[in-house]
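# Per-entry structural report
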Amino acid sequence: QQQVRQSPQSLTVWEGETAILNCSYEDSTFDYFPWYWQFPRESPALLIAIRPVSNKKEDGRFTIFFNKREKKLSLHITDSQPGDSATYFCAAPTGGYKVVFGSGTRLLVSP
Amino acid sequence: DPKIIQKPKYLVAVTGSEKILICEQYLGHNAMYWYRQSAKKPLEFMFSYSYQKLMDNQTASSRFQPQSSKKNHLDLQITALKPDDSATYFCASSQELNSGNTLYFGEGSRLIVV
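Predicted model only: the values in this text are computed from it and were never measured.

### Brief notes about the overall build of chain B
Counting its secondary structure elements, chain B contains zero helices and 11 strands. Of the regular secondary structure in chain B, the N- to C-terminal order runs β-β-β-β-β-β-β-β-β-β-β. In summary, chain B has a C-alpha radius of gyration of 13 Å against a globular reference of 13 Å for 114 residues, a match within 12%. Taken along its principal axes, the extent of the C-alpha atoms in chain B is 35 × 30 × 25 Å. Among the 114 residues that make up chain B, the fraction classed as buried is 50%. Considering only residue pairs separated by 6 or more positions, chain B has 55% of its internal contacts joining residues 24 or more positions apart. Carbon and sulfur atoms provide 50% of the accessible area of chain B, an area that totals close to 5500 Å². Here chain B carries 13 positive and 10 negative side-chain charges, and the mean point of each set is 2 Å from the other.

Below is the structure:
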């Protein structure tokens, strides 16, 4: 059973547009939601993270919106740049001793 | 300089053989992990260690054996290799094992089994 789900699987936007990446989760005990990004042929790295005490976390052009009632998050990338082209993973630490990742959204920003 | 060193970066192995993937981290972290990434299953959790103790194991097959000789080492031994084991294996670490800690990933070891 997939604990963290992401959509869409892939997304193409034009430079300057806002990209919206979605994530949902099953376990209401999850208390921390990091987003990682991964560029081709590189390893994943932390981009931005949110705790459920907040419903919004902003870092420059990247904003997480969090809806605890619906168990959903979204990552908004405003003024998208070609350099933002990467795969984005939503993740959550489980009650055990692991961090589980969604299947990722591959974002392509066309100039 | 990379703070998490994985060796080798690339390897090709024959079906049925055995390989060891090496991981050393120089971040002073107390928790270490192995993840596997392939086209079929992106970033699949395998193992977590804390202070050299196995904490979680999501790998069904005993062919995968983590080995921690030092706190900053976590190697992965894979025996009886199968073509399905072909993937990039990422070692990661975090300050502690609990929630809220950022995972730092190594550059990965890309394994191809023929």
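Having seen it, we continue.
### Points about a nonpolar patch on the surface
All names here are of chain B. Residues V12, V14, I112 and V114 make up a contiguous nonpolar surface patch of about 360 Å² in total accessible area. Assignment of secondary structure puts V114 in the segment after β11 (109-113). Take V114: its relative accessible area is 56%, and that puts it in the exposed class.

### Regarding the side chain of Q6 of chain B
All names here are of chain B. With respect to the secondary-structure elements, Q6 resides in strand β1 (residues 4-7). A polar atom in the side chain of Q6 sits 2.9 Å from the backbone oxygen of Y89. Only 3.0 Å separates the side chain of Q6 from the backbone nitrogen of C91, close enough to count as a polar contact. In contact with Q6, other than residues within four places in its own chain, are I22, C23, W34, Y89, F90, C91, G106, E107, G108 and S109.

### Section: the confidence of the model for chain B
Overall, the prediction assigns chain B a mean pLDDT of 93, with 100% of residues at 70 or greater. Of all secondary-structure elements in chain B, the lowest mean pLDDT belongs to strand β6 (residues 53-57) of chain B, at 90, while β11 of chain B reaches the highest, 98.

### Here we look at the side chain of S50 of chain B
Residue and element names in this part refer to chain B. Inspection of the secondary structure puts S50 in strand β5 (residues 44-50). On the accessibility criterion, S50 (12% relative accessible area) is buried. For S50, the residues in contact, after removing those within four places along its chain, are N30, A31, M55 and L97.

### A look at the sheet that holds strand β3 (residues 19-25) of chain A
All names here are of chain A. Read across the sheet, five strands follow the order β1-β3-β8-β7-β6 without closing on themselves; strand pairing throughout is antiparallel. Each of the sheet's edge strands pairs with one partner strand only, and the pair in question is β1 (4-7) and β6 (56-59). Each strand axis lies, on average, 15° off the axis of its neighbour in the sheet, ignoring direction. Inspection of the sheet shows β1 paired to β3 by four bridges, in the antiparallel sense. If you follow V4 over to β3, its bridge partner there is Y25.

Calculation criteria
Residues numbered from 1 in each chain as written. Chains lettered and ligands numbered in written order. Predicted model: local features only at pLDDT ≥ 70, side-chain atom pairs only at ≥ 80, totals over all residues. Heavy atoms only, no water. Helix = DSSP H or I, 4+ residues; strand = E, 2+ residues; numbered from the N terminus. Rg over C-alpha atoms; globule rule 2.2 N^0.38 Å. Buried < 20%, exposed > 50% of the residue type's maximum accessible area, 1.4 Å probe, protein only. Contact = heavy atoms within 4.5 Å. Areas by Shrake-Rupley, 256 points an atom, 1.4 Å probe, with all protein chains shown as cover. Lys, Arg positive; Asp, Glu negative; His and termini not counted. Charge placed at Lys NZ, Arg CZ, Asp CG, Glu CD. Patch = residues over 30% accessible without salt bridge, like charges linked within 9 Å, V, L, I, M, F, W, Y side chains within 5 Å. Salt bridge = Lys/Arg side-chain N within 4 Å of Asp/Glu carboxyl O. Polar contact = N/O pair within 3.5 Å; in protein donor to acceptor, adjacent residues only side chain to side chain. pLDDT = per-residue confidence, 0-100. Pairing = 2+ DSSP bridges. Axes fitted to C-alpha atoms, helices over the stretch in contact; angles between N-to-C directions.

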